[in-house]
Amino acid sequence: MSPSRQDKQHAAHAAMSGKVEYTETVHHESSRKVRGPRKMAQLNLTSMLDVCFQLLIFFVLTANFVAAEGIIAANLPTGVSDADPIKPNQEPLKIVLRAKAGTDDVIIWVERQPYIHDGDFYKLYKILEGLRWDPKENPNGSIEPDNPIIIKPLTGIRWDHVVNAFNACVRAKFENVNFAEAG
Amino acid sequence: MAKKKHEANKLELNLTSMLDIVFQLIIFFILVTNFANAQLPKLELPRPEGSKAKEPEKVRKVIVNIVPVRDPDNKPTGQTKLLVVDGIQLAATDYPGVTDYLKKELLEHPDLQVNLRADKGLHFEAVQPVMRAVTQAKIAHINLGALEEE
C-alpha cells in the first residue's frame, strides 16, 4: 500500500517541525531538500577590482624606467692627503679635451699620440690600454698602471665628456687619474 | 516559474583570474617604481662608453648634486643653477657652504664618502669648484655619479 499524497505532506510537515508523528509509514525528508537547491557562495569582487585598477593606473603613470645609477670612484689630491707621491721616473700622462668650435663635440688628444677628432672614447680607451704596461697582457706597454694620468678639459667642455675620459682611464686599469684646472 | 528561469540564466563574469593578473601588475610596478627622493634631484647623468660605474657601497655618504641652468628648450646651458647637498639647497656659488657641511659631517663619520651627481650638460668649469670644495674638507675620495652600462 503506497502512502497517499496527504500522508506525504503530513510527514513532511512533521519533519520540518521536528516532531515525529505516528503514521502508517514514516517518510523522513531532509530539511535542506525542502529549502531547495543549494547556492554556491560567491564573493563580489567588482569593487576590489575597481580599487586595483585605480592602483594599477597610478603606478603605470608614475613609474619611470631609468637606467641604474652607479658611481666611478676617484681619488683627488687634498693637499695634505695620503695620496701616493709621484715616483721620480714617472711623468704624468696628459689627456686634453678640446671643444669643437660651435658644437658640443670634443677632440681628444693623448700626449704623443694622434688626435681623436670624432670624440670616440672607445678609441681613447684602446690607446690607453695599449700604453699600459702589464707583464702578462702587455709587456710592450710604456706606462705603469699607477702612473698619474691628468685629464685637462679646455674651456667649454661638458661634464659628460670629462666623465667619459675618466671612465676610459679606469676601464684601461689606470689607478691614479686626476683632473687639471679647467681652461 | 518564469522568474526562476530568468535568475538561472543571469550572466555572471568570473573576475578572479583578471584580479590575479591585476595584482601581479601592481606588485611589479610597486617593485620597479623609484619614488622621488629629495636627495636625488632629477639630473641627466653621463653615460660613459663601456661604463665602469658600479653600485654605491652602503656606507655613510653625502650626495652633492649640481643642478644646471636650462634654457627655454630645456637644454642645459652649462652653468650651475643651484647646489643640493644632502637635500639642502645652496646657492650656485656657495662652495664654502659645501666645505663647511662636509667638515661637520666628517667629524661624526670619519669614513665619509661623497657622491658627486652633476648633470652631463654642465661645463667642467662649473663642476670643478665643487670638487675643490670637497677636497678642501680633506675628503679625497669622491664618487662620480654616472649611469651603469645598459
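Since the model is a prediction, treat every value here as computed from it, not as a measurement.

Trainee: What should I look at first to understand the overall build of chain A in this one?
Mentor: A count of helical and extended segments in chain A gives 5 helices and 5 strands. Listed N to C, the secondary structure of chain A is α-α-α-β-β-β-α-β-α-β in terms of helices and strands. With 183 residues in all, chain A has 33% of them scored as buried. Intrachain contacts of chain A at a sequence separation of at least 6 include 58% that bridge at least 24 residues. Accessible area of chain A: about 12,300 Å², with a carbon and sulfur share of 55%.

Trainee: Got a minute to help me understand the pairing of strand β3 (residues 88-91) of chain B in this structure?
Mentor: All names here are of chain B. Bridge count for strand β2 (residues 76-85) against β3 is 4 bridges, and the pairing is antiparallel. Pairing of L82 across the sheet is with A91, part of β3. A loop of 2 residues connects β2 with β3, the two strands running antiparallel in sequence, and D86 in this loop sits at a positive phi of about 50°.

Trainee: Would you mind going over the environment of I72 of chain A with me for this structure?
Mentor: Here I72 of chain A lies in strand β1 (residues 69-75). On the accessibility criterion, I72 of chain A (2% relative accessible area) is buried. Once residues within four sequence positions are removed from consideration, I72 of chain A is found in contact with V163, F166, N167 and V170 of chain A together with P48, K52, A53, I142, N143, L144 and A146 of chain B.

Trainee: Would you mind going over the sheet that holds strand β3 (residues 106-110) of chain A with me for this structure?
Mentor: Either a parallel or an antiparallel arrangement is found when strands of a sheet pair, and the pairing is made through backbone hydrogen bonds. Residues and elements named next belong to chain A. The strand order across the open sheet built from 4 strands is β3-β2-β4-β5, with neighbouring strands paired in mixed fashion. At either margin of the open sheet sits one strand with a lone partner, and together these are β3 and β5 (177-179). In this sheet, neighbouring strand axes are inclined to one another by 20° on average, regardless of whether the strands run parallel or antiparallel. In terms of strand pairing, strand β2 (residues 93-99) meets strand β4 (residues 149-153) through 5 bridges, oriented parallel. When the sheet's bridge partners are listed, V96 is paired in β4 with K152. The strands touched by helix α5 (residues 159-171) are β2, β3, β4 and β5; relative to β4, the strand with the most contacts, the crossing angle is about 165°.

Trainee: Hey, could you run me through the nonpolar core in this one?
Mentor: Nonpolar side chains in soluble globular proteins generally cluster together in the buried interior. One finds L97, L124 and W159 of chain A together with L116 and M131 of chain B to be the most contacted residues of the largest nonpolar core, which totals 56 residues. Among the nonpolar cores identified, the runner-up in size contains 11 residues, and L49, C52 and A63 of chain A together with V22 of chain B belong to it.

Trainee: I keep staring at helix α3 (residues 95-108) of chain B and nothing clicks. Help me out?
Mentor: Every α-helical turn comprises 3.6 residues, leaving residues that sit three or four positions apart pointing alike. Residues and elements named next belong to chain B. End to end, α3 covers 21 Å across 14 residues, agreeing with the expected 20 Å (1.5 Å per residue, within 8%). G97, V98, T99, L102 and E105 are the residues of α3 that are buried. In the core, the buried residues of α3 are packed alongside β1 (61-70), β2, β3, β4 (113-118) and α4 (124-136). One side-chain oxygen of the residue at the start of α3 lies 3.0 Å from the amide nitrogen of G97, identifying that residue as D94.

Trainee: Even after reading the chapter, I still don't get empty space enclosed by the protein, so can you show me in this structure?
Mentor: The rolling of a water-molecule-sized probe over the atoms marks out the regions of remaining empty space. Residue and element names in this part refer to chain A. Under the counting rule described, the total for this entry stands at 1 cavity of 30 Å³ or more. Taken as a whole, the largest cavity encloses approximately 30 Å³ of empty space. Surrounding the largest cavity, A99, T103, D104, D105, G156, I157, R158 and H161 form its lining. When grouped by side-chain class, the residues that make up the lining of the largest cavity number 2 nonpolar, 3 polar and 3 charged.

Trainee: Could you clarify how one ought to interpret the interface of chain A and chain B in this entry?
Mentor: Interface size is commonly expressed as the accessible area that is lost once the parts come together. Taken together, the contact pairs 49 residues of chain A with 58 residues of chain B. Note on chain A versus chain B: buried area summed over both sides is about 4,800 Å², and carbon and sulfur give 66% of it. It is E69, I71 and W159 of chain A that lose the most area in chain A upon contact with chain B, and together they represent 17% of the buried surface on that side. Across the pair R117 of chain B and E69 of chain A runs a salt bridge whose closest N-O atoms are separated by 2.9 Å. The interface formed by chain A and chain B holds 18 residue pairs in polar contact (both at pLDDT 80 or more) in total. Sorting the residues of the side of chain A that touches chain B by element identifies α3 (46-62), β1, α4 (121-131) and α5 of chain A as the ones contributing at least two each.

Trainee: Mind showing me how you'd approach the pattern of salt bridges here?
Mentor: For side chains bearing opposite charge, pairing can occur when the charged atoms are close. For the coordinates displayed, the defined rule picks out 12 salt bridges over all chains. For K123 of chain A, the salt bridge identified is with D118 of chain A, shortest N-O distance 2.8 Å. Judged by its relative accessible area of 40%, K123 of chain A falls in the partly exposed class. D118 of chain A sits in the partly exposed class, given a relative accessible area of 47%. R70 of chain B is the partner of D119 of chain B in a salt bridge, and the nearest nitrogen-oxygen pair spans 2.9 Å. Here D119 of chain B, found in the loop between β4 and α4, pairs with R70 of chain B, found in strand β1; they are 49 residues apart in sequence, far enough to count as distant. Its relative accessible area of 1% is what places D119 of chain B among the buried residues. On the basis of relative accessibility, which here comes to 30%, the residue R70 of chain B falls in the partly exposed class.

Rules and cut-offs
- Residues numbered from 1 in each chain as written.
- Chains lettered and ligands numbered in written order.
- Predicted model: local features only at pLDDT ≥ 70, side-chain atom pairs only at ≥ 80, totals over all residues.
- Heavy atoms only, no water.
- Helix = DSSP H or I, 4+ residues; strand = E, 2+ residues; numbered from the N terminus.
- Buried < 20%, exposed > 50% of the residue type's maximum accessible area, 1.4 Å probe, protein only.
- Contact = heavy atoms within 4.5 Å.
- Areas by Shrake-Rupley, 256 points an atom, 1.4 Å probe, with all protein chains shown as cover.
- Pairing = 2+ DSSP bridges.
- Axes fitted to C-alpha atoms, helices over the stretch in contact; angles between N-to-C directions.
- Core = buried A, V, L, I, M, F, W, Y, C linked by side-chain atoms within 4.5 Å.
- Expected span 1.5 Å × (residues − 1).
- Polar contact = N/O pair within 3.5 Å; in protein donor to acceptor, adjacent residues only side chain to side chain.
- 1 Å grid on protein atoms, 1.4 Å probe; cavity = no way out; pocket = protein on both sides within 12 Å on 5 of 7 lines; lining within 4 Å.
- Points joined across faces, edges and corners; volume = space filled by probe spheres on them.
- Nonpolar A, V, L, I, M, F, W, Y, C, P; charged D, E, K, R; others polar.
- Buried area = accessible area lost by both parts, 1.4 Å probe.
- Salt bridge = Lys/Arg side-chain N within 4 Å of Asp/Glu carboxyl O.

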